[in-house]
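Below are the chains, spelled out letter by letter.
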Amino acid sequence: MYEDVLRLLKSAPLPSGQPDLAVPILTIIGEANAKTHDFSQAERSLNDAASLCDTSASPSCGYVILARGLLASELNQSPSADRLFGETLTFARSRKEPLLETYALLNLGYESLEEGRFDEAIDRSDAAYRIASALGARRIELITQLNVAWAYYKLGDSEKALELAAKSVQLAAQLGDVRDQENELTNIGYIYMDERRFDLAAQSFQQALGLARGINAKEDIYNALRVMARLALQTGDLADASQYARQALDIARQDGNHLDELYPTLVQGQIAARRGSTGEAETAFHQVETDKDCPVFLKWEAEHSLARLYEDEQHRDAADHEYQTALAAFEGARDDVRHEDSQISFLTNARRIYDDYVQFLVVSKKPGEALRWADFSRARTLSEGLGLLPKGGSVGPPPLDAQQIARHAGGTILFYWLGEEQSYLWAITPQKVGLFQLPPAAEIKTRVERYRKAIIEQRESTSTASDDGAALYRILVEPAKDLLPKNISSKDAENGKIFIVPDGTLNSLNFETLLVPSSRGETKDEPKQHYWIEDATISSAGSLRILQASNAANRKGAGNLLLFGDAIAPNDNFPPLPKAAIEMESIQKHFPPGEQQVFRRDRASPPSYLASKPERFSYIHFVAHGTASRLSPLDSAIVLSRALSKDSAGANADEDSYKLYARDIIRYPLRAELVTISTCRSAGERAYSGEGLVGLSWAFVRAGAHHVIGALWDVSDSSTPQLMDELYSELKKGEPPDVALRNAKLTLLRSGSSFRKPFFWAPFQLYTGS
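No experiment lies behind these values; they were computed from the predicted model shown.

Check the secondary structure of the protein chain and you find 32 helices and 18 strands. The C-alpha extent of the protein chain, read off along each of the three principal axes, is 100 × 75 × 45 Å. A burial count over the protein chain gives 57% of its 770 residues as buried. Intrachain contacts of the protein chain at a sequence separation of at least 6 include 67% that bridge at least 24 residues. Of the roughly 31,800 Å² of accessible surface on the protein chain, 48% is carried by carbon and sulfur atoms. One finds the centroid of the 85 positive side-chain charges in the protein chain at a distance of 5 Å from the centroid of its 105 negative side-chain charges.

Structure follows, in structure tokens:
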């Protein structure tokens, strides 16, 4: 394409004395030469254009600066490119040229991508997208969305990346933009490959390669080949992996692109390692990790590969060093992620390194070290936000005394690690730490999802559901039975505390619903099969660090109440809750009138919460609808009444003014003993690697609440008022939140009514904060 442009523009002499024509022609020639890697000619053309701009006020002069930025980008001179695109942006804004402003922001976003500043890339690309949308510049809209999708992928948020990428492919097809279509198909293949959906990945890559070859886009052919080599390696087809890597490497060498040689070189090293060619593999990995131009994500992958190579060769000290080096490289990259919602997903990128290192340490008979590193990967964003961990994870995990943490928390801790090949359970008491092997994550996930679905559909009594509930207890809890408290009654609940530190799919499981088997030789004193809640007081925590900082000395009954609910329905999607007023009355009666502040109907709005000085209250309770955003968890919200502020036309100034967002909640520090979010799915919709479920419950813990009650699924408007009445009755007696919630649930479980089903009492989960 660029060759055709050059032939056409060079077929006639430059217009003399007409800078308004000469400047854009020279600019286009310079850009085309840059794209075809004729850099010296590109520089001459752009210098000529710049000279004309020195004596002319041509409106095209801003595009000369832009083109010089593109040339710097092609030369891999990112700092210069970033500076020139910044100058372009200043030029465009000073002259009110929105199209040029869009191009500047688009390219600034691309440079951020290339430098690994992914959340900055999203900010810049989104800004470009908004201007492009206003101008109707659909192709620029497309390119910005391509960049945003890739940024989310690199931040570890595959779900959001896949949604954006799929929309981009459709738009590219509509616009007849083959190149961007095949680029995004390659990116979609990456996502499928990471999710181990290899058939879909292969389909995307093959389609992208066919389109790239159809338009002879050499760079894109290279991109498809290098990732097809990685896919073939993961599926065990070493012959295809070797062929694709060699073809990609040939293209990189023909173009003289040293950086592009690193990707297939890494794959060739991984192939050599699989074939037992240790020396060849080690050389390739060292070549990649020590290259001064190596991107950080490729560096940590090379170091991870080197660690596994040394582990296979039984060079355990060298393997340990490389694992820590790889994790330091990753953590250094994470330190550069600025936005909290981006930090939440970023740890996904290192999940396999952490998994392999934890396995390595366990096999090396270092279970304490394995636990220290496993816990370091948990609730990182939450812990940093609460000040429990310093920012700058590249220094590694701080010391950890697990038994002291169990002593401080006042119970037994069950810490889970779900691995691809092997999972683990650490059972921690004040006296002892036990380590137990569990099945791989996939096996556990299947049972958890099936059992959870049966409970939500109230099919927990079917044989399949009963088998799953019993099997999950047998897999997840029974190995540690000798370290667990025995048959705790309601009166002795304080001595039967269990703290779950879950992983992966276990974040969506309420352990209280697991089925404890009946004892052999059953007697009147030995119960039949029953829910685990009848034996123990169970709560959840994001990490051992958070338990270490938890408020062990619970407030005994005293305190004041901030209560929001019975809001005016903002629209048909959130109809009135018939029993909201009843639930609120059942809570209010447990507090003296002077110790409660209640917001209902039109007063129950987000601004009212933010203005109420919530840090003054011991107990905060919401009776409302809730939304859980899977793709953007900090956009999860409590649905209240619309804010009363109006614009000059008398309409609501903000259509979403009825939503109290998670991202706003975390900005207002709390000291509450307990926050209860009596809304649907308030615990969150999606568990992030290392961070757990992120939603409204996470936000209130992040704000500083000592305990938070959130819901794992839609709560019942019929049973919840009774449960909450019992909860506050127990709190009034002086019970701590975990014991109070358990006793309230047992009241429903033993009621003999339909409310005995776990669907009604089990959605509510207690989360321990700091």
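One can describe the packing of helix α14 (residues 258-274) onto helix α16 (residues 296-312) by two numbers: an axis separation of 11 Å at closest approach and a directional angle of 10°. Classed by the angle they form, the pair α14 and α16 counts as roughly parallel. In this structure, α14 contributes L262, Y263, L266, Q270 and A273 to the contact, and α16 contributes F297, L298, E301, A302, S305 and L309. Within the contact of α14 with α16, the residues separate by chemical class into eight nonpolar, two polar and one charged.

The next subject is the pattern of salt bridges. On inspection of all chains with the given rule, the structure shows 42 salt bridges. Salt-bridge contacts for E534 lead to R750; the nearest nitrogen and oxygen are separated by 3.7 Å. Note that E534 is positioned in the loop between β6 (530-531) and β7 (537-540) and R750 in the loop between α31 (737-749) and α32 (758-761), a separation of 216 residues in sequence. Taking the relative accessible area as the measure of exposure, E534 reaches 24% and is therefore partly exposed.

Per the counting criterion, the structure on display carries seven cavities of 30 Å³ or more. Each pocket or cavity is described by its volume, and for the largest cavity that value is around 250 Å³. What lines the largest cavity is a set of 21 residues, and nearest its centre among them are N507, G542, E691, L693 and Y767. At the level of elements, β16 (692-693), α29 (696-703) and β18 (764-768) are the ones that each hand at least two residues to the lining of the largest cavity. Per element, the largest residue contribution to the lining of the largest cavity is three residues, and it comes from α29. Each residue belonging to the lining of the largest cavity can be placed in one class, and the counts come to 11 nonpolar, seven polar and three charged. Considered as a void within the structure, the second largest cavity measures approximately 60 Å³ in volume. Surrounding the second largest cavity, I500, P502, L506, N507, L509, F511, I538, S539, S540 and Q765 form its lining. Sorting elements by how many residues they give to the lining of the second largest cavity places β7 first, with three residues.

Let us look at the sheet that holds strand β13 (residues 659-661). The three strands are arranged β11-β12-β13 in an open sheet whose pairing can be described as antiparallel. The open sheet is flanked by β11 (625-627) and β13, the only strands paired with a single partner. Averaged over all adjacent pairs, the angle separating strand axes in this sheet is 25°, with direction ignored. Across three bridges, β11 lies against strand β12 (residues 637-639) in antiparallel orientation. Residue pairing across strands places H625 opposite V639, the latter belonging to β12.

Before going further, it helps to spend a moment on the packing of aromatic side chains. One pass over the structure, following the stated rule, counts 28 aromatic pairs. An angle of 85° between the planes, with centres 6.2 Å apart, marks the rings of Y190 and F205 as edge-to-face. With Y190 in helix α10 (residues 178-194) and F205 in helix α11 (residues 198-214), this residue pair connects regions lying 15 residues apart in the sequence. Accessibility assignment for this pair places Y190 and F205 in one class, buried. Aromatic side chains F591 and Y728 sit 5.8 Å apart centroid to centroid with 65° between the ring planes, which places their arrangement in the edge-to-face category. A residue pair is termed long-range when its members are at least 10 positions apart, and F591 in the loop between α26 (580-588) and β9 (596-600) and Y728 in helix α30 (residues 720-732) qualify at 137 residues. The burial state of F591 is the same as that of Y728; both residues are buried. Every member of this aromatic cluster is reached through a ring pair, and the members are Y323, Y357, F360, W373 and F376. The lysine or arginine in question, R226, covers the ring of Y263, its NZ or CZ lying 3.7 Å from the ring centre. Here the basic side chain of R380 rests over the ring of F376, its NZ or CZ set 4.2 Å away from the ring centre.

Before going further, it helps to spend a moment on the pairing of β9. The pairing of strand β8 (residues 561-565) with β9 spans five bridges and is parallel. Paired with G565 across the bridge in β9 is R600. Handedness of the crossover is the feature at issue here: the chain leaves β8, passes through α26, returns alongside β9, and the resulting connection is right-handed.

Two elements in contact, helix α7 (residues 118-135) and helix α8 (residues 138-154), have axes separated by 9 Å at closest approach and are oriented at 160°. In this view, α7 runs roughly antiparallel relative to α8, as classed from their interaxial angle. Pair α7 / α8 crosses with left-handed handedness. Contact with α7, carried on its side by F118, A121, I122, S125, D126, A128, Y129, A132 and S133, involves I140, E141, T144, Q145, N147, V148, A151, Y152 and K154 of α8 and no other residues of that element. For the contact of α7 with α8, the residue count by class is 10 nonpolar, five polar and three charged.

This paragraph deals with the pairing of strand β4 (residues 497-501). The buried count for β4 comes to five of five residues, which makes it a mostly enclosed element. Residue alternation in β4 divides its side chains into two sets, K497, F499 and V501 and I498 and I500, and both sets are buried. Examined bridge by bridge, strand β1 (residues 412-417) and β4 share four bridges and lie parallel to one another. Within β4, the position partnered with F415 by the bridge is V501. The pairing of β4 with β7 spans four bridges and is classified as parallel. Within the sheet, the bridge partner assigned to K497 lies in β7 and is T537.

Let us look at the confidence of the model for the protein chain. Considering every residue of the protein chain, the mean pLDDT works out to 90; 93% of them sit at 70 or more. Averaged pLDDT values for the elements of the protein chain fall to 66 in helix α1 (residues 2-9) and rise to 98 in strand β2 (residues 423-428). Within the model, the stretch residues 646-653 combines pLDDT values under 50 with eight contacts to residues more than four positions away or in other chains.

Before going further, it helps to spend a moment on the side chain of T186. By secondary structure assignment, the location of T186 is in helix α10. Apart from the residues lying within four places of it in its own chain, the contact partners of T186 are F205, A208, N223, A224 and V227.

The tendency in soluble globular proteins is for nonpolar side chains to be buried as a group. L414, Y416, L476, F511, W532, F700 and L727 are the most contacted members of the largest nonpolar core, which has 105 residues in total. Discounting chain neighbours no more than four positions away, the residues touching F700 are Y609, F622, I638, I665, L670, V675, I677, A705 and V708. Counting 101 residues, the second-largest nonpolar core is a separate cluster that includes Y153, F285, Y310 and A333.

Cut-offs applied
- Residues numbered from 1 in each chain as written.
- Predicted model: local features only at pLDDT ≥ 70, side-chain atom pairs only at ≥ 80, totals over all residues.
- Heavy atoms only, no water.
- Helix = DSSP H or I, 4+ residues; strand = E, 2+ residues; numbered from the N terminus.
- Buried < 20%, exposed > 50% of the residue type's maximum accessible area, 1.4 Å probe, protein only.
- Contact = heavy atoms within 4.5 Å.
- Areas by Shrake-Rupley, 256 points an atom, 1.4 Å probe, with all protein chains shown as cover.
- Lys, Arg positive; Asp, Glu negative; His and termini not counted.
- Charge placed at Lys NZ, Arg CZ, Asp CG, Glu CD.
- Axes fitted to C-alpha atoms, helices over the stretch in contact; angles between N-to-C directions.
- Parallel < 35°, antiparallel > 145°, perpendicular 65-115°, else oblique.
- Nonpolar A, V, L, I, M, F, W, Y, C, P; charged D, E, K, R; others polar.
- Salt bridge = Lys/Arg side-chain N within 4 Å of Asp/Glu carboxyl O.
- 1 Å grid on protein atoms, 1.4 Å probe; cavity = no way out; pocket = protein on both sides within 12 Å on 5 of 7 lines; lining within 4 Å.
- Points joined across faces, edges and corners; volume = space filled by probe spheres on them.
- Pairing = 2+ DSSP bridges.
- Phe/Tyr/Trp six-rings, centres within 6.5 Å; stacked < 30°, edge-to-face > 60°.
- Lys NZ or Arg CZ within 6 Å of the ring centre and 35° of its normal.
- Right-handed = clockwise from strand over helix to strand, strands pointing away.
- Left-handed = near helix turned anticlockwise from the far one by under 90°.
- pLDDT = per-residue confidence, 0-100.
- Core = buried A, V, L, I, M, F, W, Y, C linked by side-chain atoms within 4.5 Å.

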